[in-house]
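This is what each chain is made of:
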Protein chains: 2
Amino acid sequence: MLRPEHCLRLLPATALAFVPASAPFSCPLSRSHRGTTRLRLPHGSGPQLRGKPSSTLRAPAMPDAAVAPAPEMPQREVARALAEQAVARLGPRLLPSAVPDDVAEFRNGAGNAVGSLDVRRGAPGSSIDFMLQSSLHCKVPNGAIDITSILIFLNTATDAPHFLLELIQGRPTSIVVVLDLLPRKDLALHPDYLQKYYENTRMDEQRANIEELPQARPYRSPSLFVRSACSPTAVMVTIDCGQGGDAALEDIVSGRLATVAKEVLQIWLDCCAESMTAMDDTERDFLLKRDQIVRSKTIEVDLTASLPRMFDPDVSSRVISEIRKAFGVEGP
Amino acid sequence: MLRPEHCLRLLPATALAFVPASAPFSCPLSRSHRGTTRLRLPHGSGPQLRGKPSSTLRAPAMPDAAVAPAPEMPQREVARALAEQAVARLGPRLLPSAVPDDVAEFRNGAGNAVGSLDVRRGAPGSSIDFMLQSSLHCKVPNGAIDITSILIFLNTATDAPHFLLELIQGRPTSIVVVLDLLPRKDLALHPDYLQKYYENTRMDEQRANIEELPQARPYRSPSLFVRSACSPTAVMVTIDCGQGGDAALEDIVSGRLATVAKEVLQIWLDCCAESMTAMDDTERDFLLKRDQIVRSKTIEVDLTASLPRMFDPDVSSRVISEIRKAFGVEGP
């Protein structure tokens, strides 16, 4: 069976930030990538991706490989609700979507994977750098892998944390959750920052709300960098409902997880999204330098290594290019 | 029953670094401190503290309160073996013990607590700042609390991590373990540092060796600062063997835990203790500043709040003063 640990070494889109690919590629997916596994799901048999009309869906690179849209499932509903919550609050501070159609939705020529990416830049003068949403659905011999991500990054008008949610599901009974206000300063060096954004906001109660679930156990990213980049109140868990626990997992994702994710986003919207931080040039340069290193490392440990394993080179390079653009990070 | 979480808000000595006292004091110990609970164990009926002759033990502040030395137990054996391992390797780079007798061993006038503290400074020209060992034994109505700590801190001749071990036991079947190479740089900003001291040394395997124990579960320090100060490969667990599990816990402490702690110390001795780092003045000033903030915060969140709750004011202020001296941190 494909274990989440395997998926995590592979998977991409914007599971980018938190799905390192440091280990050799050893998953059944590689067979799909080589074209030995094909799925022929009826085109249009599932719900539409991100509400876009199916007429905008591109034909797969290999004309005989029909790829169904990603199926509806609770993790996508959670992400969609959060995106709506963010967009409603941020309003005109978000510019319209800026990615080309063939990156907004993309698919593997082998017919087993479909993804979507949306990036909205912050309006000039706002503290929003970008909001990135992605969804990935990938058929594998024993099932499917689904990854949904929302990242809302701030620029150097503020040093407030970024918002991050990653939901990674390798089977119907188990999900990996990474939910955090990503710190932008060294928390051991800046106790005041820790107090402002993590203690005063009682973020740890949100973490505890998830970790107290009997089905939750710690998720240790294989990337030490990822673990270092997260805050001490990050939700980093695997929720595993065991054999036959499909419905139980759906209930948790739609219930407890949806509630906590919404509350964390609300904290971020209230305390981070609108903040402006007075900084002198030296402080701002330092923040910028740290941001750049974290973003570059984030992309290096995951995306550039894993996306090409699932998608044809032209597709993956298009998607990587858009993500690099959002992150403000040059290619190698 | 006294839960470890309660002990952790109280307890001191050099559980200093990792035993915050941020919550209101609410433990049975406070009764002891007010003198309403007295223990009258026969003086000298237990093993000697840290091998010192019992003739050096001071009379308790209240002459009617005879205090037994801390009992032998696996956690103290582990700490003693580690201290010997460190001393054997560091040799003349450690100066002789520098604490006064009444801090080397101290006790509560109420007769319920005994502690020991040893500090050896690094020799001039070495990269060792200090090695601090402490042990605390405190009777409470339902049993006892035992804390053993070893900290070996480096100076600014190097930026290599410090060594830290804390063992905190609130009942015979359960122990909290904090074991880490404490980073001295922002790991998200310095991936090379992360790679050198944590990835190349395969420290994460040591963490996994403890966490894979079926009796282990994550220990979340109530102090977000403590969590932020630790590395992503830190062992931070509660090992709980459940009712009747006294012998099982002793086996784990003397077996798996002793082995892992020894290996972590060996990694530290091989990769950190002898290192010298070329730094310009700006880098060294920055390292010094970070070290000072971490040390001050460490003492603030724990020691000054909790030691006076267990020991008479003159005793706790003497001990705090010696620890401040070792840490190079001024009083408030």
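Residues numbered from 1 in each chain as written. Chains lettered and ligands numbered in written order. Predicted model: local features only at pLDDT ≥ 70, side-chain atom pairs only at ≥ 80, totals over all residues. Heavy atoms only, no water.

Going by an unreviewed UniProt entry, chain A carries the name Red chlorophyll catabolite reductase-like and comes from Panicum miliaceum.

What am I meant to see in the overall build of chain A here?
Helix and strand counts for chain A stand at ten helices and eight strands. By residue count, 59% of the 332 residues in chain A fall in the buried class. For chain A, the proportion of contacts with a sequence separation of at least 24, taken over those separated by at least 6, is 70%. Roughly 12600 Å² of accessible area belongs to chain A as shown, and the carbon and sulfur atoms make up 52% of that amount. (Helix = DSSP H or I, 4+ residues; strand = E, 2+ residues; numbered from the N terminus. Buried < 20%, exposed > 50% of the residue type's maximum accessible area, 1.4 Å probe, protein only. Contact = heavy atoms within 4.5 Å. Areas by Shrake-Rupley, 256 points an atom, 1.4 Å probe, with all protein chains shown as cover.)

What is the right way to look at the sheet that holds strand β3 (residues 128–140) of chain A in this model?
Whenever strands of a sheet pair, they do so through backbone hydrogen bonds, lying parallel or antiparallel. Residues and elements named next belong to chain A. Strand order in the open sheet formed by eight strands is β1-β2-β3-β4-β5-β6-β8-β7, with antiparallel pairing between adjacent strands. Each edge of the open sheet is held by one strand with a lone partner, namely β1 (105–107) and β7 (216–218). Across the sheet, the mean angle separating the axes of adjacent strands is 15 degrees when strand polarity is ignored. Note that strand β4 (residues 143–154) and strand β5 (residues 162–171) share seven bridges and pair antiparallel. The partner of Thr 148 across the bridge, within β5, is Leu 167. Those strands touched by helix α8 (residues 246–271) are β3, β4, β5, β6 (174–182) and β8 (235–240), and its axis lies near 5 degrees from that of β6. (Pairing = 2+ DSSP bridges. Axes fitted to C-alpha atoms, helices over the stretch in contact; angles between N-to-C directions.)

Honestly, the pattern of salt bridges in this entry has me stumped. Any pointers?
It is possible for side chains bearing opposite charge to pair when their charged atoms get close. The final tally for this structure, using the stated rule, is 42 salt bridges over all chains. In this structure, Arg 93 of chain B engages Glu 274 of chain B in a salt bridge whose closest nitrogen and oxygen atoms are separated by 3.4 Å. Highlighted residues: Arg 93 of chain B in the loop between α3 (74–90) and β1 (94–97) and Glu 274 of chain B in the loop between α8 (246–271) and α9 (281–310), separated in sequence by 181 residues. Among the salt bridges present, the one from Arg 207 of chain B reaches Asp 204 of chain B, with a minimum N-O distance of 2.6 Å. Taken together, the residues span about one helical turn, with Arg 207 of chain B and Asp 204 of chain B both in helix α6 (residues 203–211) at a distance of three residues. Take Arg 207 of chain B and Asp 204 of chain B: they sit in the same class, and that class is buried. Here the residues in one salt-bridge network are Asp 204, Arg 207 and Glu 211 of chain A together with Arg 220 and Arg 227 of chain B, joined through shared partners. (Salt bridge = Lys/Arg side-chain N within 4 Å of Asp/Glu carboxyl O.)

Even after reading the chapter, I still don't get the nonpolar core, so can you show me in this structure?
One broad trend across soluble globular proteins is that nonpolar side chains are buried collectively. Of all hydrophobic cores here, the largest spans 90 residues; its most connected members are Ile 152, Phe 163, Ile 239 and Trp 268 of chain A together with Phe 327 of chain B. Ranked by the residues each element gives to this core, the list is headed by α8 of chain A, at twelve residues. The contacts of Ile 152 of chain A, once residues within four sequence positions are left out, are Ala 86, Leu 90, Ile 128, Phe 130, Met 131, His 162, Phe 163, Leu 265 and Trp 268 of chain A. With 89 residues, the next largest nonpolar core counts Val 140 and Val 329 of chain A together with Leu 181 and Met 203 of chain B among its residues. (Core = buried A, V, L, I, M, F, W, Y, C linked by side-chain atoms within 4.5 Å.)

Is there a simple way to explain the interface of chain A and chain B in this structure?
How big an interface is tends to be stated in terms of the accessible area lost upon association of its parts. Contacts between the two partners involve 25 residues from chain A, matched on the other side by 25 residues from chain B. A buried area of about 2400 Å², summed over both sides, lies between chain A and chain B, and 65% of it is on carbon and sulfur atoms. It is Ala 188, Leu 189 and Leu 224 of chain A in chain A that bury the most area against chain B; as a group they hold 25% of the surface buried on that side. Taken together, the links from chain A to chain B amount to six salt bridges. For Glu 211 of chain A, the salt bridge identified is with Arg 220 of chain B, shortest N-O distance 2.9 Å. Connecting chain A to chain B are eight residue pairs in polar contact (both at pLDDT 80 or more). Residue assignment for the side of chain A that touches chain B shows that the elements contributing at least two residues are α5 (191–199), α6 (203–211), α7 (224–229) and α9 (281–310) of chain A. Tallied by class, the residues present in the side of chain A that touches chain B amount to 14 nonpolar, two polar and nine charged. (Buried area = accessible area lost by both parts, 1.4 Å probe. Polar contact = N/O pair within 3.5 Å; in protein donor to acceptor, adjacent residues only side chain to side chain. Nonpolar A, V, L, I, M, F, W, Y, C, P; charged D, E, K, R; others polar.)

How should I be thinking about the packing of aromatic side chains in this particular structure?
Both the distance between ring centres and the angle between the ring planes are used here to describe each pair of aromatic rings. Residue and element names in this part refer to chain A. Taken as a whole and judged by the stated rule, the model has 13 aromatic pairs over all chains. When the centroid spacing of 5.0 Å and the interplanar angle of 25 degrees are considered together, the rings of Phe 130 and Phe 153 count as stacked. With Phe 130 in strand β3 and Phe 153 in strand β4, the pair connects residues that are 23 residues apart, well separated along the chain. Classification of Phe 130 as buried rests on a relative accessible area of 0%. Residue class for Phe 153 comes out buried when judged on its relative accessible area of 5%. With a centroid separation of 5.4 Å and an interplanar angle of 45 degrees, the aromatic rings of Phe 153 and Phe 327 are classed as tilted. A residue pair is termed long-range when its members are at least 10 positions apart, and Phe 153 in strand β4 and Phe 327 in helix α10 (residues 313–327) qualify at 174 residues. In terms of burial, Phe 153 and Phe 327 fall into one category: buried. (Phe/Tyr/Trp six-rings, centres within 6.5 Å; stacked < 30°, edge-to-face > 60°.)

Any chance you could explain the environment of Ile 267 of chain B here in plain terms?
All names here are of chain B. By the element assignment, Ile 267 lies in helix α8. With 69 residues separating them along the chain, Ile 267 and Tyr 198 place their C-alpha atoms 9.9 Å apart. Once residues lying within four places of it in the same chain are set aside, the contact partners of Ile 267 are Leu 181, Thr 201, Met 203, Gln 206 and Cys 272.

How should I be thinking about the relation of the copies chain A and chain B in this particular structure?
Both copies of the chain are placed relative to one another by a rotation about an axis and a shift along it. Rotating chain A by 180 degrees about the axis while translating it 0.0 Å along that axis superimposes it on chain B, leaving an RMSD of 0.0 Å. As the rotation angle and translation indicate, the two copies are arranged about a two-fold axis. Within chain A, the C-alpha atom positioned nearest to the axis of rotation is that of Asp 186 of chain A, 2.8 Å from it. Here 100% of the contact residues of chain A are again contact residues in chain B; the copies associate through an equivalent surface. (Least-squares fit on C-alpha atoms with pLDDT ≥ 70 in both.)

Looking at this structure, how should I read the pairing of strand β9 (residues 235–240) of chain B?
Residue and element names in this part refer to chain B. Of all six residues that make up β9, five are buried, and the element is covered over most of its length. Two elements, strand β7 (residues 174–182) and β9, share six bridges in a ladder whose sense is antiparallel. Opposite Leu 179, over in β9, you have Val 235 as the bridge partner. Alignment of strand β8 (residues 216–218) against β9, held across three bridges, turns out to be antiparallel. Bridged to Pro 218 within β9 is Val 237.

Any chance you could explain the confidence of the model for chain A here in plain terms?
Close inspection of predicted coordinates is inappropriate for parts of the model with low pLDDT. Across chain A, pLDDT averages 81, with 78% of residues at or above 70. Of the regions scoring below 50 in pLDDT, residues 1–65 of chain A engages in 177 contacts with residues more than four places distant in sequence or in other chains. (pLDDT = per-residue confidence, 0-100.)

Can you help me understand the environment of Arg 89 of chain A in this one?
Residues and elements named next belong to chain A. Positionally, Arg 89 belongs in helix α3 (residues 74–90). Residue Arg 89 is classed as partly exposed on the basis of its relative accessible area, which comes to 31%. For the pair formed by Arg 89 and Leu 269, sequence separation is 180 residues and the distance between their alpha carbons is 7.5 Å. In this view, Arg 89 contacts Gln 266, Leu 269, Asp 270 and Glu 274; residues no more than four positions away in its chain are not counted. Within the structure, the side chain of Arg 89 is placed 3.1 Å from the side chain of Glu 274, a separation counted as a polar contact.

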